[in-house]
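Residue-level listing of the chains:
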Amino acid sequence: NDTATTEIYTSLFVGSVDVYKEDLEQGGDLESSLAEYEALIRANVGVDAVVDDLSQLLRSYRTVPAVYRVLGDGLMRQGKLQQALNTYREALNQL
């Protein structure tokens, strides 16, 4: 029963990731979308999709430290510690 509930929430959150990505692609608010991505990472739901989206967002937002920071958080959640550290360093270089 708990597994079924978790799967439902996961599919809803992953669907939300697509909405945030589309919103950004259409000129939406980066700060709001990053806050939503952070919430997904903290909830440990849809992290793979969030990391994929943020990696793609870096193409458009290379000089925005917050994108690197949130991506680093996602990589940490995935257990990719060295990649996360490198990403956090890049965020610091952008400051």
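Up top is the structure.
Just so it is clear, the structure is predicted and the values come from calculations on it, not from any experiment.

Quick look at helix 4 (residues 65-78) now. In this model helix 4 runs 20 Å from its N-terminal to its C-terminal C-alpha over 14 residues, within 8% of the 20 Å that 1.5 Å per residue would give. Among all positions in helix 4, only Val 67, Tyr 68, Val 70, Leu 71, Gly 72, Gly 74 and Leu 75 are buried. If you follow the buried residues of helix 4, they end up packed against helix 2 (30-43), helix 3 (47-57) and helix 5 (81-94).

Glancing now at the pattern of salt bridges. Considering all chains together, one arrives at two salt bridges under this definition. Notably, a salt bridge pairs Glu 38 with Arg 69, separated by 2.6 Å at the nearest N-O pair. Of this pair, Glu 38 sits in helix 2 while Arg 69 is found in helix 4, placing the two residues 31 residues apart along the sequence. Of the residues examined, Glu 38 reaches a relative accessible area of 18% and is grouped as buried. Accessibility expressed as a relative area gives 35% for Arg 69, which makes it partly exposed.

All right, on to the environment of Leu 75 then. Along the chain, the position of Leu 75 falls in helix 4. For the pair Leu 75 and Ile 41, spaced 34 residues apart in sequence, the C-alpha to C-alpha distance is 9.4 Å. If we skip the residues at most four places from it in the chain, Leu 75 touches Val 51, Lys 80, Gln 83, Ala 84 and Thr 87.

The contact between helix 2 and helix 3 brings their axes to 9 Å, and the two run at 150°. Considered as vectors, helix 2 and helix 3 are oriented roughly antiparallel to each other. Of the two elements, helix 2 crosses helix 3, and the hand of that crossing is left-handed. On the side of helix 2, the interface is formed by Leu 34, Tyr 37, Leu 40 and Ile 41, while helix 3 contributes Val 47, Val 50, Asp 53, Leu 54 and Leu 57. Residues that form the contact of helix 2 with helix 3 fall into these classes: eight nonpolar, no polar and one charged.

Formed by 18 residues in total, the largest nonpolar core has its most connected members in Leu 34, Tyr 37, Val 50, Leu 54, Val 67, Val 70 and Leu 71. Of all the elements in the fold, those that place two or more residues in this core are helix 2, helix 3, helix 4 and helix 5.

Here the focus is the packing of helix 4 against helix 5. At a closest axis distance of 8 Å, the pairing of helix 4 and helix 5 adopts a crossing angle of 165°. Comparing their axes, helix 5 and helix 4 come out roughly antiparallel. Like other packed secondary-structure pairs, helix 4 and helix 5 cross with a definite hand, here left-handed. Along its contact with helix 4, which presents Pro 65, Tyr 68, Arg 69, Leu 71, Gly 72, Asp 73, Leu 75 and Met 76, the element helix 5 presents Leu 81, Gln 83, Ala 84, Thr 87, Tyr 88, Glu 90, Ala 91 and Gln 94.

Reading the values: rules and limits
- Residues numbered from 1 in each chain as written.
- Predicted model: local features only at pLDDT ≥ 70, side-chain atom pairs only at ≥ 80, totals over all residues.
- Heavy atoms only, no water.
- Helix = DSSP H or I, 4+ residues; strand = E, 2+ residues; numbered from the N terminus.
- Expected span 1.5 Å × (residues − 1).
- Buried < 20%, exposed > 50% of the residue type's maximum accessible area, 1.4 Å probe, protein only.
- Contact = heavy atoms within 4.5 Å.
- Salt bridge = Lys/Arg side-chain N within 4 Å of Asp/Glu carboxyl O.
- Axes fitted to C-alpha atoms, helices over the stretch in contact; angles between N-to-C directions.
- Parallel < 35°, antiparallel > 145°, perpendicular 65-115°, else oblique.
- Left-handed = near helix turned anticlockwise from the far one by under 90°.
- Nonpolar A, V, L, I, M, F, W, Y, C, P; charged D, E, K, R; others polar.
- Core = buried A, V, L, I, M, F, W, Y, C linked by side-chain atoms within 4.5 Å.

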